[in-house]
Amino acid sequence: MREGLTVAEAQEWILERAPRLDPEMIPTGDALGRVLAEPVHSARLIPPADSSAMDGYAVRAADLKGATTRAPVELAIAFEVAAGGVADRELQALESARIFTGAPIPPGADAVIRQEDTESVGDHVRILIEPVERDHIRNAGEDLRPGDLVLEQGMRLGSAQIGVLASLGRSMVPVYRRPRVAILSGGDELVEVDGDVSGGRIVASNSYTLLAQCRAVGAEPTYLGISRDRPDQVERQFRAALASDCIVSSAGVSVGDHDHVRPVLEKLGCTLEFWGVKMKPGFPLAFGRFGSPSDAGGLPGPLVFGLPGNPVSASVTFEQFVRPALLKMAGHSRCHRPVIRATLTERLTKKAGRIHFVRATLERRDGEVLATSTGSQSSGVMRSLSLAQGLVIFPLEATVLEQGEEVRVQILDDHFFSGTESGI
Ligand code: AMP
Ligand code: MG
């Protein structure tokens, strides 16, 4: 087992080993945020026919040479075509057809005159402008033609992609399966959220944080409760988690007498691949795998993340390591949080040898972003994480970041780029 990796080494190690899950067919209406497992080609012509882009009159442009407001050309209104209707006869010279948006262009017509550019006179219409051929006509197939590659494999499905699938008549869509995650807590001091906190007990809040972090990336978490600091209980809990794609436990991975996670994992046949990442918060992180790796021909079992117990450490290590792994498993190719440049509003210091993720508020001002730490950076202080929109990346070997210095910030707040004022 390796010890003391850098964050980048640990991320790379984990992402290389996180398997992309199998595809499944799901209803297109439920596919928001999922990743397409196969390319989608059009089997249809969309629009299916030349159709009108306006309410008005279908005409033959040749009839209307020189038409103006002063010298209108009068055409007979021969028939009408509505959206969903069919034009069953050809338009003859000096005829027009009343037409509505989305209705098919009758044979013989080659332009549409907007209603605003006409005056109706009984069963005739006066055309006040000279059209250019194909005016206000949507061409058949201008959106999609049979055989067109419409959506590529690996694409994340948003509302527009779902709309395209629906227009192609695809009620079901192949997407990568969502990772099932088992969330475990362990410690004699822990109680559930509505439990009795007398005698120094604390709520096992990590399970709430981690469940929410899983849901935020579209994974399917299951909470397996709290085990006491006894090897048999820890073992029972991990056994119950073996059916998942990914096991996330917090606490009990250090080297204390009550830290049973590592020995239990080894007993159950988990290969512990590394322990300890040079970061703060969150050094004591263990990563392992059950089952034989697929490169050895076996079936891959769940990935195992033994996160530190301190609430901020658990959440920040989830962000750096579990989140990208879950995204990759679900088929995403963009697995990392965005990183932007920001100006630091204060001086920060630390020792060399660990990268620090400094909880910070971010303020957009005059085209730049100002980053200010949210106060105590103790790994138990969740309040300072709850106030943070981002994490200032204080590099491994650096010891000082000066006030006014440009720093890199990982954005945690998905809505950071949303505006409070209209963006137009
Ligand atoms: P440990 O790794 O067991 O030494 O735990 C480190 C710290 O994290 C201790 O202060 C624990 O009380 C705390 N802790 C452990 N598990 C949780 C949890 N599920 N929720 C909140 N705090 C926890
Ligand atoms: Mg403990």
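Please refer to the structure placed before this passage.
All of the points below concern the structure found in this document. (Residues numbered from 1 in each chain as written. Chains lettered and ligands numbered in written order. Predicted model: local features only at pLDDT ≥ 70, side-chain atom pairs only at ≥ 80, totals over all residues. Heavy atoms only, no water.)

Side note on the overall build of the protein
Counting its secondary structure elements, the protein contains seven helices and 29 strands. In summary, the protein has a C-alpha radius of gyration of 31 Å against a globular reference of 22 Å for 424 residues, an excess of more than 25%. Principal-axis analysis of the C-alpha atoms places the extent of the protein at approximately 95 × 55 × 40 Å. Within the protein, buried positions represent 48% of all 424 residues. Here the protein displays about 20,700 Å² of accessible surface, and carbon together with sulfur accounts for 49% of that area. (Helix = DSSP H or I, 4+ residues; strand = E, 2+ residues; numbered from the N terminus. Rg over C-alpha atoms; globule rule 2.2 N^0.38 Å. Buried < 20%, exposed > 50% of the residue type's maximum accessible area, 1.4 Å probe, protein only. Areas by Shrake-Rupley, 256 points an atom, 1.4 Å probe, with all protein chains shown as cover.)

Some details on the state of the cysteines
Should the sulfur atoms of two cysteines be covalently bonded, the bond is a disulfide. Summed over the entire model, instances satisfying the criterion amount to zero disulfides. Considering cysteine sulfurs only, cysteine 246 is the nearest to cysteine 214, which forms no disulfide, with 7.2 Å between them. (Disulfide = S-S within 2.5 Å.)

Digging into the packing of helix H3 (residues 205–216) against helix H6 (residues 311–329)
Remark: H3 packs on H6, axes separated minimally by 10 Å, with the N-to-C direction vectors making an angle of 25 degrees. The orientation of H3 relative to H6 falls into the category roughly parallel. Crossing hand, H3 versus H6: right-handed. In contact with Ser205, Asn206, Thr209, Leu210, Gln213 and Cys214 of H3, H6 contributes Pro311, Ala314, Ser315, Phe318, Glu319 and Leu326. In terms of residue class, the contact of H3 with H6 is made up of six nonpolar, five polar and one charged. (Axes fitted to C-alpha atoms, helices over the stretch in contact; angles between N-to-C directions. Parallel < 35°, antiparallel > 145°, perpendicular 65-115°, else oblique. Left-handed = near helix turned anticlockwise from the far one by under 90°. Contact = heavy atoms within 4.5 Å. Nonpolar A, V, L, I, M, F, W, Y, C, P; charged D, E, K, R; others polar.)

Digging into the nonpolar core
Across soluble globular proteins, nonpolar side chains show a tendency to be buried alongside one another. Counting residues in hydrophobic clusters, the biggest one holds 40 residues, and the most contacted among them are Val248, Phe274, Phe305, Phe321 and Leu326. Ranked by residues supplied to this core, first place goes to H6 with nine residues. Other than its neighbours up to four places away in sequence, phenylalanine 305 contacts Ile14, Cys246, Ile247, Val248, Ser249, Ala286, Phe287, Phe321, Val322 and Ala325. (Core = buried A, V, L, I, M, F, W, Y, C linked by side-chain atoms within 4.5 Å.)

Some thoughts on the sheet that holds strand E10 (residues 124–127)
On the basis of which strands lie adjacent, the open sheet formed by six strands has the order E8-E5-E7-E6-E10-E9 and mixed pairing. Edge strands, defined here as strands with exactly one partner in the open sheet, are strand E8 (111–114) and strand E9 (118–121). Neighbouring strand axes in the sheet, compared pairwise and without regard to direction, differ in orientation by 40 degrees on average. Pairing analysis gives four bridges linking strand E5 (residues 56–59) to E8, with the strands arranged antiparallel. When the sheet's bridge partners are listed, glycine 56 is paired in E8 with arginine 114. (Pairing = 2+ DSSP bridges.)

Some details on unusual backbone geometry
The omega torsion of the bond from isoleucine 46 to proline 47 falls at -10 degrees, within 30 degrees of zero and hence cis. Considering the arrangement of structural elements, one finds proline 47 in the loop between strand E3 (40–41) and strand E4 (51–52). For the bond running from lysine 280 to proline 281, omega is 0 degrees, close enough to zero to count as cis. Relative to the elements of secondary structure, proline 281 occurs in the loop between strand E20 (279–280) and strand E21 (286–291). The backbone of leucine 94 shows a phi angle near 60 degrees, a positive value even though the residue is not glycine. Along the polypeptide, leucine 94 turns up in the loop between strand E6 (73–81) and strand E7 (95–99). In this structure leucine 94 comes out as partly exposed when scored by relative accessible area, which is 48%. A positive phi angle is found at histidine 136, which is not glycine, with a value near 55 degrees. Mapping histidine 136 onto the fold places it in the loop between E10 and strand E11 (137–138). Of the residues examined, histidine 136 reaches a relative accessible area of 30% and is grouped as partly exposed.

Digging into the environment of glycine 252
With respect to the helices, strands and loops of the structure, glycine 252 is situated in the loop between strand E18 (246–250) and helix H5 (261–267). Glycine 252 gets classed as buried once you look at its relative accessible area, which sits at 18%. For the pair glycine 252 and glycine 187, spaced 65 residues apart in sequence, the C-alpha separation works out to 7.3 Å. In this view, glycine 252 contacts Asp259, His260, Val261 and Arg262; residues no more than four positions away in its chain are not counted.

A look at the site of ligand 1
Close to ligand 1 lie 14 residues; Ser185, Glu189, Asn206, Gly252 and Gly309 are nearest. A distance of 3.0 Å separates a nitrogen atom of ligand 1 from a polar atom in the side chain of serine 185. Within the complex, 77% of the 490 Å² of free accessible area of ligand 1 lies under protein. Only strand E16 (202–203) and H3 provide two or more residues apiece to the shell around ligand 1. Here the residues of the shell around ligand 1 sort into six nonpolar, seven polar and one charged. (Near = heavy atom within 4 Å. Polar contact = N/O pair within 3.5 Å; in protein donor to acceptor, adjacent residues only side chain to side chain.)

Looking at H3
A rise of 1.5 Å per residue sets the reference length of H3, with its twelve residues, at 16 Å; its end C-alpha atoms lie 17 Å apart and thus fit the reference within 8%. Turning to H3, its buried residues number three or more, namely Asn206, Ser207, Thr209, Leu210, Leu211, Gln213 and Cys214. Of the surrounding elements, those touching the buried residues of H3 are strand E14 (180–186), strand E17 (220–227), E18, strand E22 (300–307), H6 and helix H7 (382–386). Phi for glycine 218, located one or two positions after H3, is positive at around 80 degrees. (Expected span 1.5 Å × (residues − 1).)

Some words on helix H2 (residues 159–167)
Residues of H2 that are buried: Gln161, Ile162 and Leu165. Buried residues in H2, looked at end-on, bunch into an arc of 100 degrees, giving them a common side. Facing away from the buried side of H2 by more than 90 degrees, the exposed set consists of Ser159, Ala160 and Ala166. Close packing links the buried residues of H2 with E3, strand E12 (149–151) and strand E13 (172–176). Phi turns positive one or two residues past the end of H2, at glycine 169, with a value near 80 degrees. (Arc of directions from axis to C-beta.)

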